[in-house]
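Observations on the three-dimensional arrangement
These are the residues of each chain, in order.
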Amino acid sequence: MTIKTITTQPFTDQRPGTSGLRKRVRVFQQAHYLENFVQAIFNTLSDCQGQTLVIGGDGRYYNREALNIILRMAAANGVGRMLVGQHGILSTPAVSCIIRKYKALGGIVLSASHNPGGPDADFGIKYNVSNGGPAPERITEQIFQHSLNIREYRTFDAADIQLDELGEQSLGDMQIVVIDSVADYAELMEQLFDFERMSQALRSGALSIRFDGMNAVTGPYAHAILEQRLGAPAGSVIRGTPLPDFGGDHPDPNLAHAQELAALMFSPHAPDLGAASDGDGDRNMILGKDCYITPSDSLAILAANATLVPGYAQGLAGVARSMPTSRAVDRVAETLGIECFETPTGWKFFGNLLDAGRITLCGEESFGTSSDHVREKDGLWAVLFWLNILAVRQESVQAIVQQHWATYGRNFYTRHDYEAVDAERAQALVDDLRRRGSELVGQRFGSVEIDYCDDFSYTDPIDDSVSHNQGLRIGLRGSGGEARIVYRLSGTGTQGATLRVYIERHEPDPERHDQDPQSALADLITLSQELAQIAAYTGRTAPSVIT
Ligand code: G1P
Ligand code: ZN
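Calculation notes
Residues numbered from 1 in each chain as written. Chains lettered and ligands numbered in written order. Predicted model: local features only at pLDDT ≥ 70, side-chain atom pairs only at ≥ 80, totals over all residues. Heavy atoms only, no water. Helix = DSSP H or I, 4+ residues; strand = E, 2+ residues; numbered from the N terminus. Expected span 1.5 Å × (residues − 1). Buried < 20%, exposed > 50% of the residue type's maximum accessible area, 1.4 Å probe, protein only. Donors = N, O, S within 2.8 Å, 3.2 Å for Na, K, Ca; no water. Tetrahedral: all angles 85-135°; square planar, octahedral: opposite > 155°, others 65-115°. Salt bridge = Lys/Arg side-chain N within 4 Å of Asp/Glu carboxyl O. Phe/Tyr/Trp six-rings, centres within 6.5 Å; stacked < 30°, edge-to-face > 60°.

An α-helical turn contains 3.6 residues, so any two residues separated by three or four positions project in the same direction. With 14 residues, helix H3 (residues 63-76) extends 20 Å from end C-alpha to end C-alpha; this agrees with the ideal 20 Å at 1.5 Å per step. With 12 of 14 residues buried, H3 is to be regarded as a mostly interior element. Here H3 has its buried residues at Asn 63, Ala 66, Leu 67, Asn 68, Ile 69, Ile 70, Leu 71, Arg 72, Met 73, Ala 74, Ala 75 and Ala 76. Gly 78 sits one or two positions beyond H3 and adopts a positive phi of about 90°.

Shown next as structure tokens:
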């Protein structure tokens, strides 16, 4: 076995987006494409000699091939030890947990998250740093710069690597340790939650759950933790085996893609808690009998009930939410007298606040919630948090949500996505709206008046780094209660552009809480389309996805 240096040419499109580099599988399969990006990572980590890295993926198509390529390159680049999930499987939160536990230099996650998998679908690669979180922009930018200047990469001439048996092997001077994908993560969950209480409730039938693994990475975690450890009856986990194409579905936990679960939860046979996670296990969707909890509300409810859970019994240092996430959690923070931060979209912006101990819980409207236990969002963690609250409060999800709204008011919320629109037109829409922003302030539209219009910039309170152009925020006041419309372009799409429009209104009156969000927000939805001239710019009269 020898180290080889391969000559290559740069690709110009390897700038990581909101969450790593995501492209079509066929793009990654081009000669040298993945290798260039991986070498750019190693060039950025000039200090990886003899260090430990963690690697695993969500089992999607190309997972194993990519793992083999990366392991050979790691050996050729002087990495000391690679911890690899068995069968190449590790969820994103498990990678984060393992990096932290074994004090690794970092880790590589192979996933395109909730995007579909298969030869004609998506693949992705993401680098996480030593705190277990996604690489900050400073590092992803260096990776990109290296990718633009790359002339060669290093690899090892070796046969395929055995990933199915636990244990150690070597590749040149590098040690490869195939580790149990679930054990470290399950142990961490056991430290945070009251497993005994949850187990009693599940075994006695006082509490029931249905978890949809969406044929993606959380299946093995959910089987092991919910069924084997906590004793939920077999069958509580559905679609629990990771498949390369996720069974042909989008592994995206929302009402549209978790249809079987959604149908069950709105039927007479609904269990107490329904939940789903995404391709790589970092997202979560929470449902109760006959009710759906928005991720923004879920974050607020977890914050308000955190002291019922052992890992958070001491209370919360602070909370944070991404800018477009509803402001429901802000009201809880105010009542608790703790800090609440508004960060740009993307999990990486929570890292510094978590490291500095300024926040304990954080979340995004895009089905992401987590805490300082790892540095990624964590799907199954959110499910266990809910399960723990239900085991303690012994009330239904619906009752808990209604009480929450009665106390804090309800933040009606919806996100409208206009997918695969022309990228230049979408950019022009945003630029135009930004330009018109100041003229809009003070204008009235029906019962509302525009209070402010700004382009969100964030100064990180820990390292003072500044991120500009993070989305347009339009604040509204009027008879219907404080409202907000946010526009931004997706940073994770792989085709054209996706315009995301986030619409929110606070409703203090409990008499009005029992409305469908689309009707409660109808006027604002129309206004969101008119203000930005969405039809004129995109040719679309309606969004492609509503969450
Ligand atoms: C989307 C979500 C964002 C999330 C990211 C990665 O990014 O909106 O909250 O952090 O996926 O899962 P976007 O496509 O909007 O840039
Ligand atoms: Zn994900």
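That covers the picture; the talk isn't over yet.
The next subject is the coordination of the zinc ion (ligand 2). Ligation of the zinc ion (ligand 2) by protein atoms is provided by Ser 113 (OG), Asp 278 (OD), Asp 280 (OD) and Asp 282 (OD), these donors lying 2.0 to 2.1 Å from the ion. The coordination sphere of the zinc ion (ligand 2) comprises 4 donor atoms, whose angles at the metal cover 87 to 161°; the geometry is irregular. Along the chain, the residues donating to the zinc ion (ligand 2) are arranged with the sequence spacing S-x164-D-x1-D-x1-D.

Summed over all chains, the structure comprises 42 salt bridges. The salt bridge partner of Asp 160 is Arg 72, with a shortest N-O separation of 3.0 Å. Placement of Asp 160 in the loop between strand E7 (152-156) and strand E8 (167-171) and of Arg 72 in helix H3 is noted, with a sequence separation of 88 residues between them. Classification of Asp 160 by relative accessible area gives exposed; the value is 63%. Between Asp 432 and Arg 435 there is a salt bridge whose closest N-O contact spans 3.6 Å. Here Asp 432 and its partner Arg 435 are both found in helix H15 (residues 423-440), 3 residues apart, which amounts to about one turn of the helix. For Asp 432, a relative accessible area of 10% puts it in the buried group.

Okay, the packing of aromatic side chains next. One pass over the structure, following the stated rule, counts 12 aromatic pairs. Residues Phe 11 and Tyr 33 carry aromatic rings whose centres are separated by 4.7 Å and whose planes lie at 65° to one another, so their mutual orientation is edge-to-face. One end of the pair, Phe 11, is in the loop between strand E1 (3-7) and strand E2 (21-24); the other, Tyr 33, is in helix H2 (residues 33-44), with 22 residues separating them in the sequence. Looking at Phe 11, the relative accessible area reads 19%, which means it is buried. Taking relative accessible area as the criterion, Tyr 33 reaches 0% and is therefore assigned buried. Judged by centre distance (5.2 Å) and plane angle (80°), the ring pair of Trp 381 and Phe 385 falls under edge-to-face.

Remember that the coordinates give geometry; whether it matters functionally is a separate question.
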